[in-house]
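Observations on the model geometry
Here are the chains, one letter per residue:
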Amino acid sequence: MPLTKLPDAEAQCAELAALIRTQLKANTMLVGIHSGGVWVARRLHELLGLAGEIGQIDVSFYRDDFGEKGLHPQVKPTSIPFDVEALHLILVDDVLYTGRTTRAAVNELFDYGRPASIKLAVLADRGGRELPICAEFCTWQVDLEENEELVLEPEATGRLQWKRVEHA
């Protein structure tokens, strides 16, 4: 069944913030996975009124397919501006698919210390898991064809929007 109408990503961010708010602990920090997860984490940080900065993580060097694919041409720096030790972290991404990006992010986070817990928050879960990973917080379960991909991007105004891309 083709995906025709895409949800409002900004409304999804508000919904995700409402889901997270009920389980926030005092020592909770957000870490967004580049690039879409960072954009969502920034929105959540604002909506939840959290103190401090968000963490930003690029998993390029931690991917299990790094040897096959090589370095992504747009590697971004990882920035964790807080000590993760004993914190409750919410790892934020735009889309959860195979689980391999999430696994890579968790591996990288443990290089910074041992958090008390890590929960995953995503706007979209498209299924197709290859690893035993699930999102604690999710606003949209979507079925896509194998040749389809969801891409989150900011408009010129900064407002987040979804785009569906088909691959040959």
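Calculation criteria
- Residues numbered from 1 in each chain as written.
- Predicted model: local features only at pLDDT ≥ 70, side-chain atom pairs only at ≥ 80, totals over all residues.
- Heavy atoms only, no water.
- Helix = DSSP H or I, 4+ residues; strand = E, 2+ residues; numbered from the N terminus.
- Buried < 20%, exposed > 50% of the residue type's maximum accessible area, 1.4 Å probe, protein only.
- Contact = heavy atoms within 4.5 Å.
- Areas by Shrake-Rupley, 256 points an atom, 1.4 Å probe, with all protein chains shown as cover.
- Core = buried A, V, L, I, M, F, W, Y, C linked by side-chain atoms within 4.5 Å.
- Pairing = 2+ DSSP bridges.
- Axes fitted to C-alpha atoms, helices over the stretch in contact; angles between N-to-C directions.

Focus on the overall build of the protein
- When helices and strands are counted, the protein shows four helices and seven strands.
- Mapped in sequence order, the helices and strands of the protein form the string α-β-α-β-α-β-α-β-β-β-β.
- The buried share among the 168 residues of the protein stands at 43%.
- In the protein, of all internal contacts separated by at least 6 residues, the share reaching a separation of at least 24 is 69%.
- Working note: accessible area of the protein is about 9,000 Å², and carbon and sulfur atoms make up 50% of it.

Some points on the nonpolar core
- Leu16, Ile20, Val40, Leu44, Leu150 and Trp162 are the most contacted members of the largest nonpolar core, which totals 27 residues.
- Residue assignment for this core shows that the elements contributing at least two residues are α1 (9-21), α2 (36-48), β3 (88-96), β4 (117-125), β6 (148-154) and β7 (160-166).
- Beyond its immediate chain neighbours, meaning those up to four positions away, Ile20 contacts Leu44, Leu48, Ile90, Ala121 and Phe137.

Structural notes on the sheet that holds strand β2 (residues 55-57)
- Spatially, the five strands line up as an open sheet ordered β2-β1-β3-β4-β5, and their pairing is parallel. The sheet terminates laterally at β2 and β5 (137-138), the two strands that pair on one side only.
- The pairing of β4 with β5 spans two bridges and is parallel. Each bridged residue has a counterpart across the sheet, and for Val122 the counterpart in β5 is Cys138.
- Contacting β3, β4 and β5, α1 runs over the sheet at an angle of about 150° to β4.

Observations regarding the pairing of β6
- Of the strand pairs in this sheet, β6 and β7 are connected by seven bridges, and their pairing is antiparallel. Its bridge partner being in β7, Glu149 is matched across the sheet by Val165.
- A loop of five residues connects β6 with β7, the two strands running antiparallel in sequence, and Gly158 in this loop sits at a positive phi of about 95°.

Concerning unusual backbone geometry
- With omega at -5°, the peptide bond leading from His34 into Ser35 counts as cis.
- If you trace the backbone, Ser35 turns up in the loop between β1 (28-33) and α2.
- If you check the backbone angles, Ala86 has positive phi at about 65° while not being a glycine.
- Topologically, Ala86 is positioned in the loop between α3 (66-69) and β3.

Here we look at the environment of Gly37
- By secondary structure assignment, the location of Gly37 is in helix α2.
- With relative accessibility at 0%, the residue Gly37 sits in the buried group.
- Not counting residues within four places of it along the chain, the set of residues in contact with Gly37 comprises Gly32, Val92, Asp93 and Asp94.

Such coordinate-based values are descriptive only and should not be taken to indicate function.
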